[in-house]
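Fold and geometry: a report
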Amino acid sequence: LSLVGSEMCIRDKEYRMRNMQKMWEDYAKEVQVLRERIAELREVLQRDKTMAPLERQELEARKRLLSEEVRDMERSMADIAVYAENEKAGESACA
């Protein structure tokens, strides 16, 4: 028994939706972890006024990189959401 293209597309739509949901949830968890780390760095930087300038620069750079990573992951999450909406609306890659 073989499926024609449209039947395969219908079958695969459920897999794609499930995979997109899982990917979005994984990104959301990672974003939360990164935000917590950024908050920790911000607290250390505000609290410790005696920190060596080089160490402060390193922590500021790390905080900046984590913030950029959060921004990139949030963009990916938005892209996933748009793709999922298009998929729900029937505008899938198979259409």
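Residues numbered from 1 in each chain as written. Predicted model: local features only at pLDDT ≥ 70, side-chain atom pairs only at ≥ 80, totals over all residues. Heavy atoms only, no water.

1. Observations concerning the side chain of Lys63
As for its placement among the helices and strands, Lys63 is situated in helix 2 (residues 53–88). Judged by its relative accessible area of 18%, Lys63 is buried. If sequence neighbours within four positions are ignored, Lys63 has contacts with Ile38, Leu41, Arg42 and Leu45. (Helix = DSSP H or I, 4+ residues; strand = E, 2+ residues; numbered from the N terminus. Buried < 20%, exposed > 50% of the residue type's maximum accessible area, 1.4 Å probe, protein only. Contact = heavy atoms within 4.5 Å.)

2. Concerning the nonpolar core
Val31, Leu34, Ile38, Leu41, Leu45, Met51, Leu59, Leu66, Val70, Met73 and Met77 together form the largest nonpolar core, which totals 11 residues. Among the elements of the structure, helix 1 (5–47) and helix 2 are those that each provide at least two residues to this core. Here Met77 is in contact with Trp24, Tyr27, Ala28 and Val31, once residues within four sequence places are set aside. (Core = buried A, V, L, I, M, F, W, Y, C linked by side-chain atoms within 4.5 Å.)

3. Digging into the environment of Ala84
Tracing the chain through its elements places Ala84 in helix 2. According to the relative accessible area criterion, Ala84 is buried, its value standing at 14%. Sequence separation of Ala84 and Leu41 is 43 residues, and the distance between their C-alpha atoms is 35 Å. Sequence-distant contacts of Ala84, defined by excluding residues within four places in its chain, comprise Met17 and Met20.

4. Considering helix 1
Helix length check: helix 1, at 43 residues, gives a terminal C-alpha distance of 61 Å against a target of 63 Å (1.5 Å per residue), a fit within 8%. The sharpest bend along helix 1 measures roughly 30° and falls at Asp12. Taken together, the buried positions of helix 1 are Cys9, Arg16, Met17, Met20, Val31, Leu34, Ile38, Leu41 and Leu45. On its buried face, helix 1 sits against helix 2. (Expected span 1.5 Å × (residues − 1). Bend = angle between axes of the 7 residues up to and from the residue.)

5. Some details on the pattern of salt bridges
A complete count under the given rule lists 11 salt bridges for this structure. Glu14 serves as the salt-bridge partner of Arg18, at 2.5 Å between the closest nitrogen and oxygen. In this pair, Arg18 and Glu14 both sit in helix 1, four residues apart, roughly one turn of the helix. Asp26 is the salt-bridge partner of Lys22, the closest N and O atoms lying 3.0 Å from each other. A residue pair is termed a helical-turn pair when its members lie 3 or 4 positions apart in one helix, as Lys22 and Asp26 do in helix 1 at four residues. (Salt bridge = Lys/Arg side-chain N within 4 Å of Asp/Glu carboxyl O.)

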